[in-house]
Amino acid sequence: MVRKLLAAVLAAGFLCGAPAPAMSAGDAFDMSAAVQLDDSGVSLVDEALSAVPVRYEYSDLYDIPAARARYQQASVANTTPADIIRDGRLEPQELFDTVRANNAAYLKNSEKYSAEYMEPSDEALMGYCSVIAQTITHELAQGGITSTYDDLAYNLSHLTIFLAHTVENAAITEDGCMVVSPVNLENMKIISGNSDADKITIAHEAEHLLQKLSSPVLEAEGATLGYGYGLYFEDLAVNSLFHKWLFEAAAESLACACYDSGPITYQQRVGYLNSLTLALLPAEDFTLLDVERLTQQQDLEQVFRVFGCKTEAEQTELLDMLEAINIILEDDADFWSLYQQDVLGRTASSQERAEVKSALTGSVCTTLSKLLCRSLADALSRKAVPLSEVFTVLSVFEKDMTGHLLASGDGASPTGDPFPEEYRAVQDAFFSVLDEALTLPGGTVKNAYGSYGLGTEAILGGLTCLDNPKNAFFARMAGIAFSPQNAIAP
Ligand SMILES: [Zn+2]
């Protein structure tokens, strides 16, 4: 890394009445000292992080460039607008009438399913339609749903709803039926201990209707499936831009936000989604639910914007990470079949699969750490922030990453450090920029972080670098307190 003389400034500030945490003898600064970065300081962070390459094992198998090239070939199509949504509202009665008519036509024309599907009673159907209408109207009021708006209207005006015992709770089929298991919905209330579990499940499916591209658009684009920016092509070896885990996590997160609830299903997927949000949290322009909203729009460039990717290398690393999580959580079958065929030449054992997943988890944590350091640099460029806050954010993040590493079976390295070398290199690079900003000898901030003990008080009181909704999210991630401040009213 080329070290430049840093023009970053130290805004010397001391928090009144806040005693400095214990430091070892010889430490020359107070941890409550505030640090601020100017533009060249932010560039230095960028430069330092870019100099740490993150290796995604077997990324040649899932081949992000090939997937992006396939996207380029797809012709962009639009669906014919339908008028079921008026003035940003979906009326339950209109949806009920539409679904009733669609159901009748579907059952008449589809002998294959008529034995399996049952028609819901008027009362049950009205209940489902009310939850769907409420969810859609709420989401439309949040704004931002533009590129998939006509797809949504198409999905709703062609919606069918059936009951079946063959689905886990509820699902949207490839041909656009919402299939519900009323028995399992009732069971979910008991299992989750949440009396809204049935409504949340239907709201989750309604969120999929906001993500799903309409069948005419998919046909025109030559894709089999499409959710938000993700398209699935049969002729692609690995669909590494189709992040099923994120579409599920986002649907669950948004549905639960309407009911002020934690996830009742897909907890691990929502866990990774929350890690993405945590990594972006300090950035000034980032708003809660921004990551979820990426699944309700079609533009891959918007994904790069939200994650602050400025270079092609950063874009590829981001996409590597999102697909790596897909392999970890969804067992991407196309990837594993290539791995077995091209790498092993035989069937992989469960241990071998676990080792690949574990290595990928380390890389994911490293990329997330880069994202977090960039967001922190952005926060530090806006205002002076006490170093203790920076440490608090890093500590909570690290605790979250440790959870992913432990779940992947890692955490038992010879050094006792669950994090890969690259992860520490990212952190060291960030700390060295802070050393310069604070005009301290190299290694001082790193050592201070090493002796920092995370306390709960700072989090409960709120961090000055986060607004209130972000502080509430951060406290939840710290496992300290749940605050409904950022919950969205249904
Ligand atoms: Zn789902």
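Residues numbered from 1 in each chain as written. Predicted model: local features only at pLDDT ≥ 70, side-chain atom pairs only at ≥ 80, totals over all residues.

Chemist: Mind showing me how you'd approach the overall build of the protein chain here?
Modeler: When you go through the protein chain residue by residue, the secondary structure sums to 22 helices and seven strands. Partitioning the contacts of the protein chain with sequence separation of at least 6, the portion at a separation of at least 24 is 73%. (Helix = DSSP H or I, 4+ residues; strand = E, 2+ residues; numbered from the N terminus. Contact = placed C-beta atoms within 7 Å.)

Chemist: Could you clarify how one ought to interpret the packing of helix H12 (residues 267-280) against helix H17 (residues 350-382) in this entry?
Modeler: Packed helices, taken two at a time, are described by their axes: the angle between them and the distance between them. The N-to-C vectors of H12 and H17 enclose an angle of 30 degrees; their axes lie 7 Å apart at closest approach. Residues Ser-275, Ala-279 and Leu-280 of H12 lie in contact with H17, whose contacting residues are Leu-368, Leu-371, Leu-372 and Ser-375. Among the residues forming the contact of H12 with H17, the class breakdown is five nonpolar, two polar and no charged. (Axes fitted to C-alpha atoms, helices over the stretch in contact; angles between N-to-C directions. Nonpolar A, V, L, I, M, F, W, Y, C, P; charged D, E, K, R; others polar.)

Chemist: What's the story with the environment of Leu-125 in this structure? I'm lost.
Modeler: Here Leu-125 shows up in helix H6 (residues 122-141). Look at Leu-125 and you get buried, because 21 C-beta atoms sit within 10 Å. Sequence separation of Leu-125 and Arg-100 is 25 residues, and the distance between their C-alpha atoms is 8.6 Å. Residues in contact with Leu-125, not counting those within four places in the same chain, are Phe-96, Val-99, Pro-120 and Ile-161. (Buried ≥ 20, exposed ≤ 12 C-beta atoms within 10 Å, placed from the backbone.)

Chemist: Sorry, what's going on with the sheet that holds strand S4 (residues 177-180) here?
Modeler: Strands pair in a sheet through their backbones, by hydrogen bonds, and they do so in one of two ways: parallel or antiparallel. Strands sit in the order S2-S4-S3 across an open sheet of three strands; the sheet is mixed. Every interior strand has two partners, whereas the edge strands, strand S2 (160-163) and strand S3 (170-172), have only one. Direction aside, the axes of adjacent strands within the sheet are offset by 15 degrees on average. Sheet topology note: the S3/S4 ladder contains three bridges and is antiparallel. When the bridges of S4 are listed, Ala-170 appears paired with Val-180. With respect to the sheet, helix H9 (residues 197-211) is in contact with S3 and S4, its orientation differing from that of S3 by roughly 10 degrees. (Pairing = 2+ DSSP bridges.)

Chemist: Explain the confidence of the model for the protein chain here, please?
Modeler: Detailed reading of the predicted model is not advised wherever pLDDT is low. Looking at the protein chain, pLDDT values average 87 and 89% of them are 70 or higher. Residue range residues 1-26 is modelled with pLDDT below 50. Its contacts to residues more than four positions away, or to other chains, number 45 contacts. (pLDDT = per-residue confidence, 0-100.)

Chemist: Would you mind showing me how to read the environment of Thr-148 here?
Modeler: Structurally, Thr-148 is set in the loop between H6 and helix H7 (149-157). By the C-beta count within 10 Å, which is 26 here, Thr-148 ends up buried. Placed 147 residues apart in sequence, Thr-148 and Thr-295 show a C-alpha to C-alpha distance of 9.8 Å. Beyond its immediate stretch of four places on either side in the chain, Thr-148 contacts Leu-210, Leu-213, Gly-228, Gln-296, Gln-297 and Gln-298.

Chemist: So what exactly am I meant to see when it comes to the nonpolar core here?
Modeler: A general trend in soluble globular proteins is that nonpolar side chains are found buried together. Counting residues in hydrophobic clusters, the biggest one holds 142 residues, and the most contacted among them are Ile-132, Ile-325, Phe-430 and Phe-474. Take this core: its biggest share by element is twelve residues, from H17. Beyond its immediate stretch of four places on either side in the chain, Ile-132 contacts Leu-95, Ile-202 and Ala-206. (Core = buried A, V, L, I, M, F, W, Y, C linked by C-beta atoms within 7 Å.)

Chemist: Is there a simple way to think about the environment of Thr-295 in this case?
Modeler: Mapped onto the elements of the fold, Thr-295 is located in the loop between helix H13 (290-293) and helix H14 (300-306). Between the C-alpha atoms of Thr-295 and Tyr-227, which are 68 residues apart in sequence, the distance is 6.5 Å. The contact partners of Thr-295, leaving out residues within four places of it in the chain, are Gln-211, Tyr-227, Gly-228, Leu-246, Phe-247 and Ala-250.

Chemist: Hey, could you run me through the pairing of S2 in this one?
Modeler: The side chains of a regular strand alternate between the sheet's two faces. Here S2 shows two buried faces, one formed by Thr-160 and Phe-162 and the other by Ile-161 and Leu-163. Here four bridges tie S2 to S4, and the two strands are oriented parallel to one another. The partner of Leu-163 across the bridge, within S4, is Val-180.

Chemist: Would you take a moment to explain the pairing of S4 for this structure?
Modeler: With burial as the criterion, each face of S4 is covered, one bearing Cys-177 and Val-179 and the other bearing Met-178 and Val-180. Between S3 and the antiparallel strand that follows it, S4, lie four residues; Gly-176 among them carries a positive phi value of about 85 degrees.

Chemist: What exactly am I supposed to notice about unusual backbone geometry here?
Modeler: As a rule of thumb, non-glycine residues mostly have phi less than zero, and peptide bonds are mostly trans rather than cis. Positive phi values are uncommon outside glycine, yet Leu-289 reaches one of about 75 degrees. Mapping Leu-289 onto the fold places it in the loop between H12 and H13. Although it is not a glycine, Asp-331 sits at a positive phi angle of roughly 50 degrees. The residue Asp-331 is located in the loop between helix H15 (312-330) and helix H16 (333-344) in this model. On the neighbour-count criterion, Asp-331 (11 C-beta atoms within 10 Å) is exposed.

Chemist: Sorry, what's going on with the packing of H17 against helix H19 (residues 421-437) here?
Modeler: The N-to-C vectors of H17 and H19 enclose an angle of 10 degrees; their axes lie 8 Å apart at closest approach. Put simply, H17 runs roughly parallel to H19. Touching Gly-362, Cys-365, Thr-366, Ser-369, Lys-370 and Cys-373 of H17 are Glu-422, Tyr-423, Val-426, Gln-427 and Phe-430, all from H19. Across the contact of H17 with H19, the residue classes tally to five nonpolar, four polar and two charged. (Parallel < 35°, antiparallel > 145°, perpendicular 65-115°, else oblique.)

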